[in-house]
Amino acid sequence: DAGITQSPRHKVTETGTPVTLRCHQTENHRYMYWYRQDPGHGLRLIHYSYGVKDTDKGEVSDGYSVSRSKTEDFLLTLESATSSQTSVYFCAISEEQGGSEAFFGQGTRLTVV
Amino acid sequence: SQQGEEDPQALSIQEGENATMNCSYKTSINNLQWYRQNSGRGLVHLILIRSNEREKHSGRLRVTLDTSKKSSSLLITASRAADTASYFCATDRHDYKLSFGAGTTVTVRA
């Protein structure tokens, strides 16, 4: 299995609070991605990174921010959590941008109450 | 909007039968990938087919790609209980961002 770890694995938080999810990789892959998975929608890209301090928005980026200060860590922050952000969040890494397989973490189940 | 759409949404087959699922997409692509997700787990890469390829095999998996119809199919032969999972196609468009469909849920009955 690719060395990719998400933390926490489960979190319950209150509406309006900030939340940070962490993705840590040991593969030294350049590209990192955050997706959310909701029933009927498959996986939707939130943000991605193509290098340290280089990030860009995906298709559902509103309400989310990311940071990548080191190759191995990619943080996803919900500035002020809302119930619509209740979801399962997956981090993925790849060696090439889209041209090779992506390796996924185990996911973080986030519930906003 | 999502690039890939899988069909059917759900599929139930007997062990030993073949399972076929399809993926349609909207814009031109560099490659198309298929992933499997077991319940409660992350996605696992199965196979990648490039836009200049028409068919690819990996073990019991066979993937076809028809760029003129913007569609792909995944065939799992001689299915096993362990093949019970959700299967997703992901398209790598020219912006190099993987875009996933909603998936096909496959149940293999013993």
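This text gives an overview of the structure that appears in the document. Nothing here was measured: the structure is a model prediction, and the numbers come from that model.

**Observations regarding the pairing of strand β2 (residues 10-14) of chain B**
Residues and elements named next belong to chain B.
Thought 1: Burial of the side chains of β2 is restricted to one face: L11 and I13 are buried, whereas none of A10, S12 and Q14 on the reverse face is.
Thought 2: Relative to strand β11 (residues 104-109), β2 runs parallel, the two being bridged by five bridges. Residue A10 lies in a different strand from β11, and its bridge partner there is T105.

**Here's the deal with the environment of N28 of chain A**
Thought 1: Among the secondary structure elements, N28 of chain A is positioned in the loop between β3 (19-25) and β4 (31-38).
Thought 2: The spatial distance from the C-alpha of N28 of chain A to the C-alpha of V113 of chain A is 36 Å, given a sequence separation of 85 residues.

**Focus on the sheet that holds strand β8 (residues 71-76) of chain B**
All names here are of chain B.
Thought 1: Taken in spatial order, the five strands line up as β1-β3-β8-β7-β6 in an open sheet, and their pairing is antiparallel. Each end of this open sheet is capped by a strand with a single partner; those strands are β1 (5-7) and β6 (55-58). Across the sheet, the mean angle separating the axes of adjacent strands is 20° when strand polarity is ignored.
Thought 2: Examined bridge by bridge, strand β3 (residues 19-24) and β8 share six bridges and lie antiparallel to one another. Bridged to S24 within β8 is S71.

**What to know about the interface of chain A and chain B**
Thought 1: Residue-level contacts link 20 residues of chain A with 22 residues of chain B.
Thought 2: Taking both sides of the interface into account, the surface hidden between chain A and chain B amounts to around 1700 Å²; carbon and sulfur atoms contribute 49%.
Thought 3: Put simply, chain A and chain B have three residue pairs in polar contact (both at pLDDT 80 or more) between them.
Thought 4: Mapped by element, the contributors of at least two residues to the side of chain A that touches chain B are β4, β5 (42-51) and β10 (102-104) of chain A.
Thought 5: The element that contributes the greatest number of residues to the side of chain A that touches chain B is β5 of chain A, accounting for four residues.
Thought 6: The class makeup of the residues in the side of chain A that touches chain B is seven nonpolar, ten polar and three charged.

**A look at the side chain of Q33 of chain B**
Residues and elements named next belong to chain B.
Thought 1: Relative to the helices and strands, Q33 resides in strand β4 (residues 29-37).
Thought 2: Take Q33: its relative accessible area is 0%, and that puts it in the buried class.
Thought 3: Polar side-chain contacts of Q33 include one of 2.6 Å to the side chain of Y35.
Thought 4: A polar contact is formed between the side chain of Q33 and the side chain of H45, at a distance of 3.4 Å.

**What to know about the nonpolar core**
Thought 1: Counting residues in hydrophobic clusters, the biggest one holds 22 residues, and the most contacted among them are M21, L32, W34, L46, L74, I76 and Y87 of chain B.
Thought 2: For this core, the secondary structure elements donating two or more residues are β2, β3, β4, β5 (43-50), β7 (61-66), β8, β9 (85-93) and β11 of chain B.
Thought 3: Once residues lying within four places of it in the same chain are set aside, the contact partners of Y87 of chain B are E6, M21, Y35, R36, L46, L74, I76, G103, T104 and V106 of chain B.
Thought 4: Judged by nonpolar contacts, the second largest core, of 19 residues, contains V19, I46, V66 and Y89 of chain A.

**Brief notes about the pairing of β5 of chain A**
Residue and element names in this part refer to chain A.
Thought 1: Summarising burial for β5: nine of the ten residues are buried, a large majority.
Thought 2: Bridge analysis of β4 against β5 gives seven bridges, and the strand direction is antiparallel. Paired with M32 across the two strands is S49, which belongs to β5.
Thought 3: Taking the residues between adjacent antiparallel strands as the criterion, β4 and β5 are bridged by three residues, where G40 takes a positive phi near 85°.
Thought 4: As judged from the four bridges shared by β5 and strand β6 (residues 54-57), these two strands associate in the antiparallel manner. Paired with G51 across the strands is D54, a residue of β6.

Cut-offs applied
Residues numbered from 1 in each chain as written. Chains lettered and ligands numbered in written order. Predicted model: local features only at pLDDT ≥ 70, side-chain atom pairs only at ≥ 80, totals over all residues. Heavy atoms only, no water. Buried < 20%, exposed > 50% of the residue type's maximum accessible area, 1.4 Å probe, protein only. Helix = DSSP H or I, 4+ residues; strand = E, 2+ residues; numbered from the N terminus. Pairing = 2+ DSSP bridges. Axes fitted to C-alpha atoms, helices over the stretch in contact; angles between N-to-C directions. Contact = heavy atoms within 4.5 Å. Buried area = accessible area lost by both parts, 1.4 Å probe. Polar contact = N/O pair within 3.5 Å; in protein donor to acceptor, adjacent residues only side chain to side chain. Nonpolar A, V, L, I, M, F, W, Y, C, P; charged D, E, K, R; others polar. Core = buried A, V, L, I, M, F, W, Y, C linked by side-chain atoms within 4.5 Å.

Such coordinate-based values are descriptive only and should not be taken to indicate function.
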